[in-house]
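Spelled out, the chains give:
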Amino acid sequence: MPSTQDLVKKYIEDNVVMVFSKSYCPYCHRAKDALAKVYPDFTAIELDKLPNGSDIQATLMDLSGQRTVPNIYVKGQHLGGCDDLLKAISSGKLKNMLA
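Thresholds applied
- Residues numbered from 1 in each chain as written.
- Predicted model: local features only at pLDDT ≥ 70, side-chain atom pairs only at ≥ 80, totals over all residues.
- Heavy atoms only, no water.
- Core = buried A, V, L, I, M, F, W, Y, C linked by side-chain atoms within 4.5 Å.
- Buried < 20%, exposed > 50% of the residue type's maximum accessible area, 1.4 Å probe, protein only.
- Helix = DSSP H or I, 4+ residues; strand = E, 2+ residues; numbered from the N terminus.
- Polar contact = N/O pair within 3.5 Å; in protein donor to acceptor, adjacent residues only side chain to side chain.
- Contact = heavy atoms within 4.5 Å.
- Salt bridge = Lys/Arg side-chain N within 4 Å of Asp/Glu carboxyl O.
- Pairing = 2+ DSSP bridges.
- Right-handed = clockwise from strand over helix to strand, strands pointing away.

Looking at an unreviewed UniProt entry, one finds the chain named Glutaredoxin, with Basidiobolus ranarum as its source organism.

Trainee: Help me get a handle on the nonpolar core, residues and values and all.
Mentor: Across soluble globular proteins, nonpolar side chains show a tendency to be buried alongside one another. Residues Val17, Leu35, Ile72, Val74, Leu79 and Leu85 are the most contacted members of the largest nonpolar core, which totals 13 residues. With three residues, helix α4 (residues 82–91) is the single largest residue contributor to this core. Counting residues in hydrophobic clusters, the runner-up holds twelve residues, among them Ile12, Met18, Ile45 and Leu60.

Trainee: Explain the side chain of Lys32 residue by residue, including any values.
Mentor: Note that Lys32 resides in helix α2 (residues 26–38). One polar contact links Lys32 to Ser21, side chain to side chain, over a distance of 3.1 Å. Setting aside anything within four residues of it in sequence, one finds Lys32 in contact with Val19, Ser21, Phe42, Ala44 and Glu46.

Trainee: Account for the pattern of salt bridges, with residues named and values stated.
Mentor: Counting across every chain of the model gives two salt bridges. Linking Asp14 and Lys10 is a salt bridge whose minimum nitrogen-to-oxygen distance equals 2.7 Å. Here the residue Asp14 and the residue Lys10 both occupy positions in helix α1 (residues 4–14), the gap between them amounting to four residues, near one helical turn. The partly exposed category is assigned to Asp14, whose relative accessible area is 47%.

Trainee: Describe in detail the pairing of strand β1 (residues 17–21), supporting the description with residues and values.
Mentor: Within β1, five of the five residues are buried, leaving the element largely enclosed by the surrounding structure. Burial of the side chains of β1 extends over both faces: Val17, Val19 and Ser21 are buried on one face and Met18 and Phe20 on the other. Note that β1 and strand β3 (residues 71–74) share four bridges and pair antiparallel. Each residue of the ladder has a partner; that of Phe20, found in β3, is Asn71. Alignment of β1 against strand β2 (residues 43–46), held across four bridges, turns out to be parallel. Across the sheet, residue Ser21 finds its bridge partner in β2, namely Glu46. One crossover worth recording links β1 to the parallel β2 by way of α2, and it is right-handed.

Here it is as structure tokens:
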């Protein structure tokens, strides 16, 4: 069985836009709604729905320095959270990252 770190890295590598989320988080909902308008093919996993969700969240802290959700990666690069995503959309940074 792969380690949690290997699993998280695989999620990030295998998806152009990867969102680590929690189903009840209003910031996660806002980020996913905004992403759906500009890149509907994003992948999201709900950490609160997974038995190893807290382990994944701890691993994200180790990888990115960010423990909070949403924790968003674009083409393997850590983008940040909801506010970072909204700024990246409005500034054109996200479009450039996806190009």
